[in-house]
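Commentary on secondary and tertiary structure
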2 protein chains.
Amino acid sequence: MLRLIYANTLDSDAHYAVKTANISSFFYLEKNKQKLAFLDRREFGLIPKGTGVKSILVEKFLASAKKLKFQTSGRNKLAYVIFKEYRLFGKKVEVPAHFPLDMADFLRKNGAKLVPTYPFFPERAIKSKPEIGFIKESLKHTRGAFGIIEKILANSKIKGSRIYYENKMLTSEYLKQEAEKALIEKGMFDLLGMIISTGEQTTTPHHDGTGPILPHRPIVCDIFPRHRKSGYYADMTRTYVKGKPDSKLEKMHVAVFKAQRAATSKIRAGISAAEVYQAAADSILRSGFDVGETGFLHGLGHGVGLDIHEAPSLKATSKDILEAGNIITVEPGLYYPEIGGIRIEDMVLVTKKSCQNLTNYPKKLVIP
Amino acid sequence: MLRLIYANTLDSDAHYAVKTANISSFFYLEKNKQKLAFLDRREFGLIPKGTGVKSILVEKFLASAKKLKFQTSGRNKLAYVIFKEYRLFGKKVEVPAHFPLDMADFLRKNGAKLVPTYPFFPERAIKSKPEIGFIKESLKHTRGAFGIIEKILANSKIKGSRIYYENKMLTSEYLKQEAEKALIEKGMFDLLGMIISTGEQTTTPHHDGTGPILPHRPIVCDIFPRHRKSGYYADMTRTYVKGKPDSKLEKMHVAVFKAQRAATSKIRAGISAAEVYQAAADSILRSGFDVGETGFLHGLGHGVGLDIHEAPSLKATSKDILEAGNIITVEPGLYYPEIGGIRIEDMVLVTKKSCQNLTNYPKKLVIP
């Protein structure tokens with residue numbers, strides 16, 4: 001089998017291939033069990049030997065590429081030279097689903113047979129022991145960030161319609177900053193932008209939050225940082241209220257908690273992801289809330305690894321079957337325009353007969 | 001003209017289109033001067049009105065997509081429904097060069113005429129007033145991070161072959177952490193991973209650096225953070241020596257400084273980027289150093305905006321002509337295995353008759 005990637009290592013497949021962070025866009029080729037990375041002088045030697053990947057200095061190919069007469073980009077010419085050199089034209093070459101279209105068009109015009117393939121590395125859905133270790137580490141540091149947030153909220157004071165911490169008005173921006181600093185000290189970074197939203201903002205599940213944190217209203221904290229070196233994400237959500245929540249909000253929190261428990265208790269290798277979603281949805285309905293356009297209006301969860309969203313997918317229409325070694329989020333939520341949003345998110349490792357909660361962190365709503 | 005994007009807003013074209021950060025993968029369509037973003041309930045309302053982009057709730061299309069019988073992904077089905085609804089099949093539709101290949105294959109099989117286009121928004125190379133303001137702001141915060149690094153180095157003590165700061169051994173990791181924390185307090189984030197390398201590591205221009213900072217050896221600091229909200233990058237490099245540099249290293253620093261000045265003095269609207277590169281290369285040769293496989297072994301610079309590397313490109317083979325409003329880096333470097341690397345990088349705004357240095361920061365090598 002022939003497999004080719006052209007991407008930088010922020011791309012999860014490229015990172016998975018070379019098990020190294022911080023490499024600019026490069027070609028990666030698997031041919032006859034050989035794994036080759038084509039790096040230029042600026043980055044040659046960055047891929048460690050233990051990965052089984054051989055680094056090839058790309059400069060000699062660049063010289064041939066420059067002589068080509070095609071009216072196309074330098075990277076396309078380089079691709080052409082690699083296809084010639086490794087006799088890839090005419091043979092089926094698997095590429096990621098998001099392989100650059102202009103390069104594909106150019107290569108195909110010259111006889112390449114590219115097969116976009118998703119998932120490109122299906123084995124990524126089953127986490128190895130080192131990968132489980134990396135994700136546990138990312139989660140540990142993420143819990144640390146939640147600890148900081150809870151501490152700030154606990155040591156804040158409500159004055160009228162605002163909250164004050166160390167005599168300054170508490171904002172979403174400040175909480176994010178402190179959480180992010182805690183993460184950075186542990187080698188994590190917030191690639192995708194965490195959510196710390198409050199009040200009406202929490203009604204939009206992906207509103208990242210801005211401005212003053214409101215007392216007596218929900219504060220949704222959804223933090224999903226990536227480890228700078230290992231590349232693995234954690235994903236965790238808690239919802240807090242500083243002060244006294246509305247009684248409906250309290251009921252929503254209980255309902256979301258129960259839905260999470262109902263779903264989690266179903267999880268084991270062999271169960272369908274849709275069935276796990278349905279367990280959460282049924283629980284939400286039993287608690288007297290809605291599923292669909294309002295209420296529980298999104299999926300239940302997703303795999304996490306070198307991508308924040310990867311296989312398997314836990315939604316109503318999913319065809320995925322859970323397998324031992326999947327690491328997935330379980331994150332039911334409820335959202336009502338008048339009241340706000342509640343979401344609780346844990347990560348679990350699917351095992352043969354059940355699952356193991358890797359997040360292991362309290363789910364208190366109220367911070368007095 | 002019809003233009004279509006499918007990406008999240010970490011993608012520079014997607015961000016440019018909707019002038020908003022933190023939106024997950026979505027479809028963006030330009031048709032008859034209408035600009036449409038197809039967002040789901042989780043993100044609906046995130047794009048401000050002033051952008052001229054109309055948000056369309058995607059859920060109704062999702063319902064039609066689910067009914068389609070194609071054996072393909074949900075996002076491909078959604079693309080199909082949008083192509084049907086907006087009568088895009090059979091018409092030329094420009095898409096970014098990195099448009100997902102599997103989606104392109106699927107749409108073309110059903111009659112789409114996709115034209116991968118790079119640059120997708122050529123106007124991005126000419127920065128508007130607000131964009132210049134965003135980049136200046138990002139640079140200001142980046143200078144702040146360099147201030148922190150210099151302060152730590154100045155207040156450190158050399159003991160034998162190591163450097164100590166507040167009685168702890170100074171490492172690349174610590175300097176990165178402190179620089180990153182300073183950036184985060186200003187709303188910046190380090191998406192791509194800064195370089196703080198030392199000693200032998202500096203010989204590899206993109207080695208991101210690790211372990212103890214070495215006295216009397218070069219410390220290359222290349223910091224290129226992105227502003228979380230505006231999306232604009234800054235890019236800046238300084239090389240330091242804590243202690244006493246080798247005399248050849250000092251000569252290299254002077255040569256790089258002169259090469260930068262030689263190149264910068266050439267910059268104006270209408271000059272070819274290759275000519276500016278050549279001015280730096282000639283200066284390096286005049287100083288008695290090498291250009292090519294060793295010495296000055298990379299390009300001179302690149303445009304910076306919503307991408308860290310964008311048009312124009314300042315290298316020997318570039319065909320770009322500089323235009324007023326380009327914002328580019330000027331970053332000559334010298335690298336020798338026995339001695340290490342030196343790189344100095346400023347950003348300049350190209351004007352009609354010359355250029356304006358936006359970085360405006362000292363270039364001292366030695367920190368005693």
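Reference entry: report on the structure contained in this document.

Parameters and conventions
Residues numbered from 1 in each chain as written. Chains lettered and ligands numbered in written order. Predicted model: local features only at pLDDT ≥ 70, side-chain atom pairs only at ≥ 80, totals over all residues. Heavy atoms only, no water. Helix = DSSP H or I, 4+ residues; strand = E, 2+ residues; numbered from the N terminus. Buried < 20%, exposed > 50% of the residue type's maximum accessible area, 1.4 Å probe, protein only. Contact = heavy atoms within 4.5 Å. Areas by Shrake-Rupley, 256 points an atom, 1.4 Å probe, with all protein chains shown as cover. Lys, Arg positive; Asp, Glu negative; His and termini not counted. Charge placed at Lys NZ, Arg CZ, Asp CG, Glu CD. Salt bridge = Lys/Arg side-chain N within 4 Å of Asp/Glu carboxyl O. Axes fitted to C-alpha atoms, helices over the stretch in contact; angles between N-to-C directions. Parallel < 35°, antiparallel > 145°, perpendicular 65-115°, else oblique. Left-handed = near helix turned anticlockwise from the far one by under 90°. Expected span 1.5 Å × (residues − 1). Phe/Tyr/Trp six-rings, centres within 6.5 Å; stacked < 30°, edge-to-face > 60°. Pairing = 2+ DSSP bridges. Polar contact = N/O pair within 3.5 Å; in protein donor to acceptor, adjacent residues only side chain to side chain.

1. Re the overall build of chain A
For chain A, the helix and strand inventory stands at eight helices and 22 strands. Buried positions account for 59% of the 368 residues belonging to chain A. Taking the intrachain contacts of chain A between residues at least 6 apart in sequence as the baseline, contacts between residues at least 24 apart amount to 61%. Entry remark: accessible area of chain A is about 15,200 Å², with carbon and sulfur atoms responsible for 53%. Side-chain charges in chain A split into 57 positive and 38 negative, and the spacing between the mean points of these groups amounts to 6 Å.

2. Thoughts on the pattern of salt bridges
Under the defined criterion, the tally for this structure stands at 40 salt bridges over all chains. Close ionic contact of Asp13 of chain B with Arg124 of chain B constitutes a salt bridge, the shortest N to O distance being 2.7 Å. Here the residue Asp13 of chain B occupies a position in helix α1 (residues 12–18), and Arg124 of chain B occupies one in the loop between β6 (113–117) and α5 (129–154), the gap between them amounting to 111 residues. Of the two residues examined, Asp13 of chain B and Arg124 of chain B, each falls in the buried class. When salt bridges with common partners are traced through the structure, they connect Asp13, Arg124, Lys127, Asp307 and Glu310 of chain A into a single cluster.

3. Regarding the packing of helix α2 (residues 59–67) of chain B against helix α3 (residues 74–85) of chain B
Residue and element names in this part refer to chain B. Where α2 meets α3, the closest approach of the two axes is 8 Å, and the angle between their N-to-C directions is 110°. The angle between α2 and α3 places the two elements in the roughly perpendicular class. With respect to the hand of their crossing, α2 and α3 are arranged in right-handed fashion. Contact residues: α2 offers Phe61, Leu62, Ser64 and Ala65, while α3 offers Lys77, Leu78, Val81 and Glu85.

4. Considering α3 of chain B
All names here are of chain B. In this model α3 runs 16 Å from its N-terminal to its C-terminal C-alpha over 12 residues, within 8% of the 16 Å that 1.5 Å per residue would give. Burial in α3 covers these residues: Asn76, Lys77, Leu78, Ala79, Tyr80, Val81, Ile82 and Phe83. Where α3 ends, the next residue or the one after it, Arg87, has phi of about 50°, a positive value.

5. Side note on the packing of aromatic side chains
Residue and element names in this part refer to chain A. Overall, the coordinates contain 32 aromatic pairs over all chains when judged by the stated rule. Aromatic side chains Tyr6 and Phe27 sit 4.5 Å apart centroid to centroid with 40° between the ring planes, which places their arrangement in the tilted category. Taken as a pair, Tyr6 in strand β1 (residues 2–7) and Phe27 in strand β2 (residues 26–31) lie far apart in primary sequence, 21 residues in all. The class for Tyr6 is buried, based on a relative accessible area of 15%. When its relative accessible area of 2% is taken as the criterion, Phe27 is described as buried. Look at Phe134 and Tyr232: their rings are 5.6 Å apart centre to centre, the planes differ by 20°, and that puts the pair in the stacked class. A residue pair is termed long-range when its members are at least 10 positions apart, and Phe134 in helix α5 (residues 129–154) and Tyr232 in the loop between β13 (226–227) and β14 (236–242) qualify at 98 residues. The rings of Phe70, Tyr80, Phe83, Phe89 and Phe106 are connected pair by pair, giving a single aromatic cluster.

6. Here's the deal with the sheet that holds strand β8 (residues 162–165) of chain B
Read from one edge to the other, the open sheet built from three strands follows the order β7-β8-β9 (chain B), with strand pairing classed as antiparallel. On the outer flanks of this sheet lie β7 (157–159) and β9 (168–169) of chain B, each paired with one strand and no other.

7. Describing the environment of Leu101 of chain B
Among the structural elements, Leu101 of chain B can be located in helix α4 (residues 101–109). When its relative accessible area of 0% is taken as the criterion, Leu101 of chain B is described as buried. Setting aside residues up to four positions removed in sequence, Leu101 of chain B forms contacts with Val95, Ala97, His98, Phe99, Leu101, Ala104, Arg108 and Pro116 of chain A.

8. Concerning the pairing of strand β8 (residues 162–165) of chain A
All names here are of chain A. Alternating positions in β8 separate cleanly, Ile163 and Tyr165 being buried on one face and Arg162 and Tyr164 remaining unburied on the opposite face. The sheet contact formed by strand β7 (residues 157–159) and β8 spans three bridges and is antiparallel. Counterpart to Ile158 in the pairing with β8 is Ile163. Here β7 hands over to β8 after two residues, with Gly160 in that stretch at a positive phi of 65°. Relative to strand β9 (residues 168–169), β8 is paired through two bridges, and the arrangement is antiparallel. Residue pairing in the sheet places Tyr164 in a bridge with Met169 of β9. The hairpin formed by β8 and β9 contains two residues between the paired strands, and Glu166 there has a positive phi angle of roughly 50°.

9. A few points about the interface of chain B and chain A
Chain B puts 43 residues into the contact, and the matching count from chain A is 43 residues. Between the two partners, chain B and chain A, sit 10 salt bridges. With its nearest N and O atoms 2.4 Å apart, the salt bridge here joins Glu185 of chain B to Lys181 of chain A. At the boundary of chain B and chain A, one finds 20 residue pairs in polar contact (both at pLDDT 80 or more).

10. A short note on unusual backbone geometry
Between Ala311 of chain A and the following residue, Pro312 of chain A, the backbone shows a cis peptide bond with an omega angle of -5°. Within the secondary structure, Pro312 of chain A is located in strand β16 (residues 310–314). In this structure, the amide linkage connecting Tyr118 of chain B to the following residue, Pro119 of chain B, adopts the cis form with an omega of -5°. Relative to the helices and strands, Pro119 of chain B resides in the loop between β6 and α5. Non-glycine residue Asn32 of chain A carries a positive phi angle of around 50°. Note that Asn32 of chain A resides in the loop between β2 and β3 (34–39). Not every positive phi belongs to a glycine, and Glu166 of chain B is a case in point at roughly 50°. In this structure, Glu166 of chain B sits in the loop between β8 and β9.

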